[in-house]
Amino acid sequence: MRATHWTVLVTLAALLWVAGAGAGQKKPSSEEQAFMDAVNRERKERGLSIVKWDDGLARAARKHAELMAEQQLLLHRLPDEPELAVRAHDAGARFSHITENIGMADLASKVHEGWMNSPGHRANILDPQIDSIGISVVEGEDLVFAVEDFALAVEGLSFEEQEKRVGSLLAARGLQLVNIGDPEKKNCGPNKQLEGSRRPGYVARYETTNVSELPEGVKKELNLARYKAAAVEACPQEGNRAFTTFRLIVVLY
């Protein structure tokens, strides 16, 4: 049995559903539900929050478990297979932190006990950073293959929803919300001059996994009480990142 772990060290952004990634996921089997119940039992006993089922993680776990069973290999990354974070993203999961447990045994009931007796697997099960899980149990020729994918989920939001969330935080500070410039033109380039006739007093370009909180730099600037209006623009993710983050521009006038 093996455990693996990936995490994002910055709070950043992006969120376009991959075509087909939102396809329906079957309900957990009785064995998969038993694994989830066992994980939450272990967490509750230690005062940790329970995890919720995530269809995207479950799709990724199932595909990996099926490949392991087909090839009779116990590996986190099989030949020609993407790494965990990419697999989970492509399956529709959105996250800023992800880990995985894999195992095989003659009976599924033996796998959880083995994981709890393994420091790496145990750490994944009891990880205080996670809030979501996807599980798959697949029967091979002679053995059962099990996969648990754990993650800290990031909410999928459209550009408009991101801007509305951040805008509401600025409006709560008494600022009038305005457009940066032409709504059809993006100002997302790192060195791009902002469109529009207004001269900004402060510009923040940042990435986050939490659009319900302003960055410290913006909050510090707002405490100066010198601004009357603000604008927000959500930007697309740069590159092909597996981890979900949000790129935003906040302009104070």
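In case you missed it, the structure is sitting above this.
Residues numbered from 1 in each chain as written. Predicted model: local features only at pLDDT ≥ 70, side-chain atom pairs only at ≥ 80, totals over all residues. Heavy atoms only, no water.

1. Observations regarding the sheet that holds strand β7 (residues 202–208)
Across the sheet, 4 strands lie side by side as β6-β8-β9-β7; this open sheet has mixed pairing. With partners counted over all chains shown, the strands left at the sheet margins are β6 (176–177) and β7, one partner each. Its contacts with the sheet put helix α6 (residues 159–171) on β6, β7, β8 (229–235) and β9 (246–252), and the angle it makes with β8 is roughly 155°. (Pairing = 2+ DSSP bridges. Helix = DSSP H or I, 4+ residues; strand = E, 2+ residues; numbered from the N terminus. Contact = heavy atoms within 4.5 Å. Axes fitted to C-alpha atoms, helices over the stretch in contact; angles between N-to-C directions.)

2. Details of helix α1 (residues 30–45)
Because each turn of an α-helix spans 3.6 residues, side chains separated by three or four positions end up pointing in the same direction. Compared with an ideal rise of 1.5 Å per residue, which puts 16 residues at 22 Å, α1 spans 22 Å between its outermost C-alpha atoms and is within 8% of the ideal. Packed against the buried residues of α1 are β2 (52–53), α2 (55–71), α4 (109–116), α5 (119–125), β4 (132–139) and β5 (144–153). Residue glycine 47 follows α1 closely and has a positive phi angle near 75°. (Expected span 1.5 Å × (residues − 1).)

3. Some words on the pattern of salt bridges
It is possible for side chains bearing opposite charge to pair when their charged atoms get close. Tallied over the full model, the rule gives 14 salt bridges. Linking lysine 110 and aspartate 106 is a salt bridge whose minimum nitrogen-to-oxygen distance equals 3.0 Å. Shared partners join several salt bridges into a network, and the residues in it are Glu32, Arg62 and Glu66. (Salt bridge = Lys/Arg side-chain N within 4 Å of Asp/Glu carboxyl O.)

4. Quick word on the pairing of strand β3 (residues 95–105)
Among the 11 residues of β3, 10 are classified as buried, and the element is accordingly described as predominantly covered. Of the pairings in the sheet, the one linking β3 to β5 comprises 10 bridges and is antiparallel in character. Residue pairing for β5: alanine 105 is matched across the bridge by valine 144. (Buried < 20%, exposed > 50% of the residue type's maximum accessible area, 1.4 Å probe, protein only.)

5. A word on the packing of aromatic side chains
Per the counting criterion, the structure on display carries 2 aromatic pairs. Geometrically, the ring pair formed by phenylalanine 35 and tryptophan 115 is tilted, given 5.7 Å between the ring centres and 55° between the ring planes. Here phenylalanine 35, found in helix α1, pairs with tryptophan 115, found in helix α4; they are 80 residues apart in sequence, far enough to count as distant. Here the two residues phenylalanine 35 and tryptophan 115 agree in accessibility, since each one is buried. With 5.4 Å between their ring centres and 80° between their planes, phenylalanine 95 and phenylalanine 243 make a pair best called edge-to-face. In this pair, phenylalanine 95 is assigned in strand β3 and phenylalanine 243 in the loop between β8 and β9, connecting sequence segments 148 residues apart. Classification of phenylalanine 95 as buried rests on a relative accessible area of 0%. (Phe/Tyr/Trp six-rings, centres within 6.5 Å; stacked < 30°, edge-to-face > 60°.)

6. A look at unusual backbone geometry
Backbone geometry places glutamine 72, a non-glycine residue, at a positive phi of 55°. Within the secondary structure, glutamine 72 sits in the loop between α2 and α3 (84–90). Looking at glutamine 72, the relative accessible area reads 33%, which means it is partly exposed. The backbone of aspartate 80 sits at a positive phi, close to 65°, despite the residue not being glycine. Within the fold, aspartate 80 resides in the loop between α2 and α3. A residue is classified by how much of its surface remains accessible, and aspartate 80, at 83% relative accessible area, is exposed.

7. Notes on the state of the cysteines
Across all of its chains, the model carries 1 disulfide by this definition. Two residues share a disulfide in this structure: cysteine 188 and cysteine 235, whose sulfurs sit 2.1 Å from each other. Torsion about the S-S bond of the cysteine 188 and cysteine 235 cystine: about -90°, corresponding to left-handed handedness. Separated by 47 residues along the polypeptide, cysteine 188 in the loop between β6 and β7 and cysteine 235 in strand β8 bring together distant segments of the chain. (Disulfide = S-S within 2.5 Å.)

8. Let's talk about the nonpolar core
Ranked by size, the top nonpolar core spans 20 residues in total, and within it Val166, Leu170, Leu248 and Leu252 carry the most contacts. Every element with two or more residues in this core is listed here: α6, β7, α7 (216–222), β8 and β9. No other element matches β9, which puts 4 residues into this core. Beyond its immediate stretch of four places on either side in the chain, leucine 170 contacts Leu175, Leu177, Leu214, Leu222, Ala230, Val232, Val250 and Leu252. (Core = buried A, V, L, I, M, F, W, Y, C linked by side-chain atoms within 4.5 Å.)

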